[in-house]
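Read off the chains here:
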Amino acid sequence: MLKTVCPHDCPDTCGIVATVENGRVVKVDGDPAHPFTRGFLCHKVACYDERIYSPHRVLHPMVRKAKGGPLVRATWDEAIEIVCARLGSGESVLPYSYGGTMGLVQRAAGHPFFHRLGACRLLGTICDEGADAAWKSMIGRTIGTDPERVAESDHVLVWGSNASVVNIHQMPFIREAQKRGAKLVVVDPYRTETAKMADDHVAVRAGTDAALALGMARVMVDEGLVDRDYIASRTEGFDRFAASLPDVARCERICGVRDIPRLAREFARAKAPYIRFGVGFSRHANGGQAVRAVLALAALVGAFRRGGALFETWEAFDFDMSVLRRPDLLARETRQVNMVRLGEALTQDDRVRSIFVYGCNPAAVAPDQTMVRRGLARADLFVVVHEQMLTDTTDFADVVLPAPTSFETSDVYRSYGHYYLQRARPVIAPAGEARSNVELFNALAKRLGFNHDIFDRDAESRIELLMSTLKTPIDRAAFDRGEPVRMDFPRGDCFERGFPTPSGRFLFANGGVPAYVPCPEGHEHRGSRLQLLVPSGKHFLNSTFGAVPSLVARQKRATVLLHPDEAARRGLADGQLARVYNERGETQAHVMATDDVPPGVAVLPGLWWGRHTPSGVSANALTSQRLSDLGESTTLHCALCEVASVVEKEKG
Ligand SMILES: Nc1nc2c(c(=O)[nH]1)N[C@H]1C(S)=C(S)[C@@H](COP(=O)(O)OP(=O)(O)OC[C@H]3O[C@@H](n4cnc5c(=O)[nH]c(N)nc54)[C@H](O)[C@@H]3O)O[C@H]1N2
Ligand SMILES: Nc1nc2c(c(=O)[nH]1)N[C@H]1C(S)=C(S)[C@@H](COP(=O)(O)OP(=O)(O)OC[C@H]3O[C@@H](n4cnc5c(=O)[nH]c(N)nc54)[C@H](O)[C@@H]3O)O[C@H]1N2
Ligand SMILES: [Mo]
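Residues numbered from 1 in each chain as written. Chains lettered and ligands numbered in written order. Predicted model: local features only at pLDDT ≥ 70, side-chain atom pairs only at ≥ 80, totals over all residues. Heavy atoms only, no water.

### Notes on the overall build of the protein chain
Just so we agree on the cut-off: Strands here mean DSSP runs of E at least two residues long; helices mean DSSP runs of H or I at least four residues long; both are numbered from the N terminus. As defined in this context, the radius of gyration uses C-alpha atoms, and a globule is described by 2.2 Å times the residue total to the power 0.38. Between buried and exposed lies partly exposed: a residue is buried under 20% and exposed over 50% of the maximum accessible area for its type, with that area taken using a 1.4 Å probe on protein chains only. Any two residues whose heavy atoms approach within 4.5 Å at even a single point are treated as in contact. In this description, accessible areas are obtained by the Shrake-Rupley approach with a 1.4 Å probe, and a residue is regarded as covered only by the protein chains that are shown. By the counting scheme adopted, Arg and Lys are positive, Glu and Asp are negative, and His together with the chain ends is not counted. In plain terms, the charge of a residue is placed at NZ if it is Lys, CZ if Arg, CG if Asp and CD if Glu.
Secondary structure assignment for the protein chain yields 26 helices and 27 strands. Computed over its C-alpha atoms, the radius of gyration of the protein chain comes to 24 Å, within 12% of the 26 Å expected for a compact globule of 652 residues. Structurally, the protein chain occupies a C-alpha span of about 70 × 70 × 50 Å along its principal axes. By residue count, 65% of the 652 residues in the protein chain fall in the buried class. Considering only intrachain contacts with a sequence separation of at least 6, the fraction spanning at least 24 residues in the protein chain is 78%. Accessible surface, the protein chain as shown: approximately 23100 Å² in total, 49% of it carbon and sulfur. A distance of 1 Å separates the average location of the 80 positive side-chain charges in the protein chain from that of its 78 negative side-chain charges.

Printed below as a string of structure tokens:
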């Protein structure tokens, strides 16, 4: 039994014990010694051996002699020759990577190489960066109350997160609180699995959370339910904030929630209210302000002192990542490309001549998929993909290079949903000819004659380098044994000694007070169309588990959830194949008529690989490249669409 860590982009960062026989993983279990993930795994990772030995696994380099032709096996030497000959240098090169592995060392391995090459710099914005900017604007740093403290709360507010699907190890703490009598309130436009476990499901209209939260704040201020002492001693900007609060009846009309006063009173009167933030509600054009409005609620009642609030924990792990990313290797500030705007970057100007994809599956995950795929298919674009699997993106590759899984590499994992750090060493040998991100970029650097100490360091040596920058002391011996180690982080009020802002106070009005601004594709502009939500799939991790046949089978088929009245209005029967479309594109999915979804909304769950959908393209054919108000981040849940019968189109 060997310890390892789940590498995926999920807040839980589970401790794993792998059973290995004759060099092969035969069983994967949760590590009972992990204080937060406590010995169980999601069913996706519980069958991880299926992913490691997937039929879609890339086991050796492959090259495509001509666009549209087949991928043909090559040696590593041949592949490196081709990449170095055709990649080019400077800003014609776009590196494209994101959350394939959350291991700090492997994830940062490409940066020094692309900096030295003078390539474009990718702005990683496809996930939580809007919410992160919002949190920082008020608190200064992305840390929050220990998630384990949820168990002691008497009022748990889960806002914009389907936690029982995306953050499942938070749930036992929530259930413990419920057992002790706590009320669980879930704010989500549709009745998710998590909302079904709640005492109260608040079906806010998508994209209007700021109106809901500001309405609640207004009630709390008007009725004297705020913590005056906390506000005076711990915060600044309250007077401006209070004076700006909109009328409650107006807020109710905007967000469609009719009992804002009751919600506000229950939250404010709780002894230990705790808000667990999801990322979902930040993925709108006004999402940054929405996060700020909800965060203000926590400060108004002094929740940090009594209960808590948490978005993410990652900045408690105070490494200096620049020792790995090496910004000093940039000769000058090169052009930045926002990853959400990949479609535009590849189709609207021809400055990008080659793209190097690793740890990411843009043909499936990036918004405005039709444009992205048109860009990736450009005849003059050189496409390199370093991957574990043959994905939608490798379909466009001129060169495919094999990557090992986390079970085959060394790394350090910090969580963004708890306060434990863990190192992992390989539990099996690399499959086939797989080379890790570090090995790949070291080899390319060597071939191009890049001399720098970083390119001589393997993963273990980079781990040592990174660990030497950690400011907070940890139990190093336990860490080296591969055990999860807790950061020295308060279990109670983490802001007891002040907030990590310049004044040490919570900032209600930094850069202005939070306000509600309608989204261009929000409900006010809907007309007869539907607001489209594209939440995480239960059996996938973004697009990752598309390579595991049993999980694809469990996710069943691409499905669009509609209120029965909306289905009837369109003449759509349950189970029927429908087109879901807007001006950007179209996908097809089977209708599920359910009153879990309110009228006016369509939900396309799960990040399917295009090739697993009836139309060959997924939900992201409809999502837009528009950026959020803060953090220049994704607005995935901010799109309008129409749904119609497939047959109708054929007739027409
Ligand atoms: N099983 C599984 N787990 C995952 C992932 C996965 O794909 N599958 N992805 C991982 C990653 S990378 C991330 S970032 C996290 C994401 O996890 P979440 O933060 O949960 O993000 P989403 O799934 O985008 O959306 C969460 C919820 O937000 C709701 N929502 C959408 N718009 C609004 C709104 O305007 N207001 C409110 N209140 N709610 C809204 C959606 O209906 C959805 O139920 O999960 C991680 N965990
Ligand atoms: N419709 C819709 N779109 C979404 C989302 C959604 O919920 N719905 N979620 C959004 C969110 S929150 C996020 S974070 C993004 C995620 O987008 P991505 O970061 O692209 O995440 P994945 O889909 O998990 O794909 C990661 C790929 O990296 C590969 N990989 C894993 N480890 C390694 C490694 O060590 N080296 C290399 N070279 N490759 C590796 C995996 O095989 C996998 O194909 O998608 C976003 N897009
Ligand atoms: Mo994400």
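### Some words on the packing of aromatic side chains
This is how the line gets drawn: A pair of Phe, Tyr and Trp rings is counted when the ring centres sit within 6.5 Å of each other, with Trp represented by its six-membered ring. The angle between the planes then sorts it: under 30 degrees is stacked, over 60 is edge-to-face, the rest tilted. The rule for a charge over a ring is simple: NZ of Lys or CZ of Arg within 6 Å of the ring centre, and within 35 degrees of the ring normal.
Scanning the model with the defined rule gives 26 aromatic pairs in all. Measuring from ring centre to ring centre gives 5.1 Å for Phe-113 and Phe-114, while their planes differ by 80 degrees; the resulting arrangement is edge-to-face. When sorted by exposure, Phe-113 lands in the same class as Phe-114, which is buried. Seen in terms of ring centroids, Phe-450 and Phe-455 are 6.3 Å apart; in terms of plane orientation they differ by 45 degrees. Their pairing is tilted. No difference in accessibility class separates Phe-450 from Phe-455, as the two residues are buried. What links up through ring pairs into an aromatic cluster is the set Phe-113, Phe-114, Phe-356, Tyr-358, Phe-441, Phe-450 and Phe-455. One cation-aromatic arrangement involves Arg-107 over Tyr-98; the distance from NZ or CZ to the ring centre is 5.0 Å.

### Topic: the layout of surface pockets
Inclusion rule: Points on a 1 Å grid over protein atoms alone make up a cavity when a 1.4 Å probe fits among them but cannot get out, and a pocket when they form an open set with protein on both sides within 12 Å along at least five of seven lines; lining residues each have an atom within 4 Å of a point. Grid points are joined across faces, edges and corners, and a volume is the space filled by probe spheres set on the points. Just so you know the grouping, Ala, Val, Leu, Ile, Met, Phe, Trp, Tyr, Cys and Pro go in nonpolar, Asp, Glu, Lys and Arg go in charged, and all remaining residues, Gly too, go in polar.
Its volume calculated, the largest pocket comes out at about 1200 Å³. If you trace the largest pocket, you find 36 residues lining it, with Tyr-98, Arg-107, Gly-124, Glu-129 and Arg-325 closest to the centre. Sorting the residues of the lining of the largest pocket by element identifies strand E6 (93–97), helix H4 (104–107), helix H5 (110–117), strand E7 (121–123), helix H6 (129–139) and helix H17 (322–325) as the ones contributing at least two each. Here the residues of the lining of the largest pocket are counted per class, giving 17 nonpolar, 9 polar and 10 charged. Around the second largest pocket, the lining is made up of 27 residues, and of these Gln-555, Thr-559, Leu-561, Met-592 and Pro-605 lie nearest the centre. Looking at the lining of the second largest pocket, the elements that each hand over two or more residues are helix H9 (193–196), strand E23 (559–562) and strand E25 (586–593). At 3 residues, E25 tops the list of elements feeding residues into the lining of the second largest pocket.

### Description of the pairing of E6
Along any regular strand, the residues point their side chains to alternate faces of the sheet. Our working rule: Strands pair, by our definition, only if DSSP identifies at least two bridges between them.
Counting buried residues along E6, 5 of its 5 residues qualify, which places the element largely inside the surrounding structure. Where E6 lies against strand E15 (residues 354–358), 5 bridges are found, and the strand directions are parallel. Residue Pro-95 lies in a different strand from E15, and its bridge partner there is Phe-356.

### Here's the deal with the environment of Leu-533
Within the element layout of this structure, Leu-533 appears in strand E22 (residues 530–533). Residue Leu-533 is classed as buried on the basis of its relative accessible area, which comes to 5%. For the pair Leu-533 and Asn-338, spaced 195 residues apart in sequence, the C-alpha separation works out to 22 Å. Leu-533 has contacts with Pro-189, Tyr-190, Ala-206, Val-601, Ala-602, Val-603, Leu-604 and His-637, leaving out every residue within four places of it along the chain.

### Focus: the pattern of salt bridges
As a reminder of what qualifies: One speaks of a salt bridge when a side-chain nitrogen belonging to Lys or Arg is within 4 Å of a carboxyl oxygen belonging to Asp or Glu.
Applying the stated criterion across every chain, the model contains 48 salt bridges. For the salt bridge of Glu-81 with Arg-447, the shortest nitrogen-to-oxygen distance reads 2.7 Å. With Glu-81 in helix H3 (residues 76–86) and Arg-447 in helix H21 (residues 437–447), the pair connects residues that are 366 residues apart, well separated along the chain. A cluster of three or more residues bridged by salt bridges with shared partners is formed by Lys-183, Asp-200, Asp-259, Arg-262 and Glu-266.

### Things to note about the site of ligand 1
Threshold: The near set for a molecule or strand comprises every residue that places at least one heavy atom within 4 Å of it. Think of a polar contact as two N or O atoms within 3.5 Å of one another; within protein, one of them needs to be a possible hydrogen donor and the other a possible acceptor, and neighboring residues in sequence only count if both atoms come from side chains. Domain boundaries shown here were taken from an automatic or database domain assignment.
If you check the shell around ligand 1, you find 35 residues, and the closest are Asp-188, Asp-209, Val-279, Arg-283 and Phe-540. One nitrogen or oxygen atom from the side chain of Lys-44 is found 3.2 Å from a nitrogen atom belonging to ligand 1. Note that an oxygen atom of ligand 1 is positioned 2.9 Å from one of the side-chain N or O atoms of His-637. Contact with the protein chains covers 98% of the free accessible surface of ligand 1, which is 920 Å². For the shell around ligand 1, the domains that each give at least three residues are domain 2 (145–310 + 494–507) and domain 3 (523–651).

### What to know about the site of ligand 2
Taken together, 30 residues form the shell around ligand 2, and within it His-386, Glu-387, Asn-437, Ser-543 and Thr-544 come nearest. Here an oxygen atom of ligand 2 and a side-chain polar atom of Ser-543 are 2.5 Å apart. Across the shell around ligand 2, the residue classes break down as 12 nonpolar, 14 polar and 4 charged. Split by domain, the shell around ligand 2 shows at least three residues from each of two domains, domain 1 (62–121 + 323–404 + 434–466) and domain 3 (523–651).

### Topic: the side chain of His-452
Within the secondary structure, His-452 is located in the loop between H21 and helix H22 (459–467). A distance of 3.0 Å separates a polar atom in the side chain of His-452 from the backbone nitrogen of Ile-454. Sequence-distant contacts of His-452, defined by excluding residues within four places in its chain, comprise Arg-326, Asp-328 and Leu-329.

### A closer look at the sheet that holds strand E1 (residues 2–5)
Stated precisely, the cut-off is as follows: As a rule, the C-alpha atoms of each element are fitted with a line to give its axis, helices using only the stretch in contact, and angles between N-to-C directions run from 0 to 180 degrees.
Reading across the sheet, the 3 strands line up as E1-E2-E3 and stay open at both edges, with antiparallel pairing between neighbours. Looking at strand neighbours, the two that pair on one side only are E1 and strand E3 (24–30), the edges of this open sheet. Strand-to-strand twist of the sheet, defined as the mean angle between neighbouring strand axes without regard to direction, takes the value 35 degrees. Sheet analysis places strand E2 (residues 15–21) next to E3, joined by 6 bridges and oriented antiparallel.

### Focus: the sheet that holds E25
Spatially, E22-E26-E23-E25-E24-E27 is the arrangement adopted by the 6 strands of the closed barrel, whose pairing is mixed. Adjacent strand axes in the sheet meet at a mean angle of 45 degrees, parallel and antiparallel pairs treated alike. Note that strand E24 (residues 577–581) and strand E27 (residues 639–645) share 4 bridges and pair antiparallel. When the sheet's bridge partners are listed, Arg-579 is paired in E27 with Ala-644.

What is shown is where atoms sit, not what they do.
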